[in-house]
Amino acid sequence: MTSPTRERLLRTAADLFYAEGVGAVGVERLCQTAGVSKRSMYQLFATKDDLVAEALRVHGPATVAHYFAPEDADLTPRERILHVFGVLEEQAAAPGFHGCPFANTTIELHDAAHQASRVAWEFKHQLEVYFQRQAALLGARDPQQLGTQLLMVFDGASVRAVMRGGGIDGVAGRTAEMLLDAFA
């Protein structure tokens, strides 16, 4: 069972780290925004690094699942792949889009071995495996390679949207379609 204090701290951490960056949000501000004392935070998490990793771990499943079409949706594997890019397109055009929280965290930490980077990669890998599984169902020549390339398009589109401060104008979806055609 989790405490309301822990849940509030994790939600606040996830929101602030996504909006402003891990390094830009100090423990003092985080605790103040969450309405939690620093003592309480350190009773729950030994370090800020532990909190960063746990915030990703707890809020990551909803982030990743949001991109997948429902299991009972009557979609082909190709449509399931393109659905991911459609969701990204919608998100990238929305105010407050700051890119992928997993990529952002790892890039900001500059350390692939950091516990939060490892958690982030676990979630990115779920998306890559999803692409690979759908590619295999399509009968793609090299589903592993195609899945990896689709993940790179996804990540690149996220970064482009942040750098431009706006949507991605359908470029990621069209690029994904070209890759799907090339691997057919």
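Going by the structure above, here's the rest.
For the structure given in this document, a descriptive report is provided here. Here the residue index of a chain counts from 1 through its sequence in written order. Side-chain atom pairs in this predicted model are given and counted only at pLDDT of 80 or more, local residue features only at pLDDT of at least 70, and totals for whole chains, interfaces and linings cover all residues. In computing side-chain properties, one takes all heavy atoms of the structure into account and sets aside hydrogens as well as water.

Details of unusual backbone geometry
With a phi angle near 55°, His-110 is a residue other than glycine that sits in the positive phi range. Examined against the element boundaries, His-110 turns out to sit in the loop between helix 6 (101-109) and helix 7 (115-138). A relative accessible area of 72% means that His-110 is categorised as exposed. At Asp-169, a residue that is not glycine, the phi angle is positive and equals roughly 55°. As for its position among the elements, Asp-169 is in the loop between helix 8 (143-164) and helix 9 (171-182). Helix and strand assignments come from DSSP, with helices taken as H or I runs of at least 4 residues and strands as E runs of at least 2, each series counted from the N terminus. Throughout this description, buried means an accessible area under 20% of the type-specific maximum (1.4 Å probe, protein chains only), exposed means over 50%, and partly exposed covers the range between.

Observations concerning helix 7
Because each turn of an α-helix spans 3.6 residues, side chains separated by three or four positions end up pointing in the same direction. Take the number of residues in a helix, subtract one, and multiply by 1.5 Å to get its expected span. Along its 24 residues, helix 7 runs 35 Å from first to last C-alpha, staying within 8% of the 34 Å computed at 1.5 Å per residue. Where helix 7 ends, the next residue or the one after it, Gly-139, has phi of about 85°, a positive value.

Looking at the environment of Thr-5
Among the secondary structure elements, Thr-5 is positioned in helix 1 (residues 4-20). Classification of Thr-5 as partly exposed rests on a relative accessible area of 26%. Taking C-alpha positions, Thr-5 is 38 Å from Val-153, a pair spaced 148 residues apart along the chain. Should any heavy atoms of two residues lie within 4.5 Å, those residues are considered in contact. If we ignore the near neighbours within four places in the chain, the residues touching Thr-5 are Val-36 and Leu-44.

Such coordinate-based values are descriptive only and should not be taken to indicate function.
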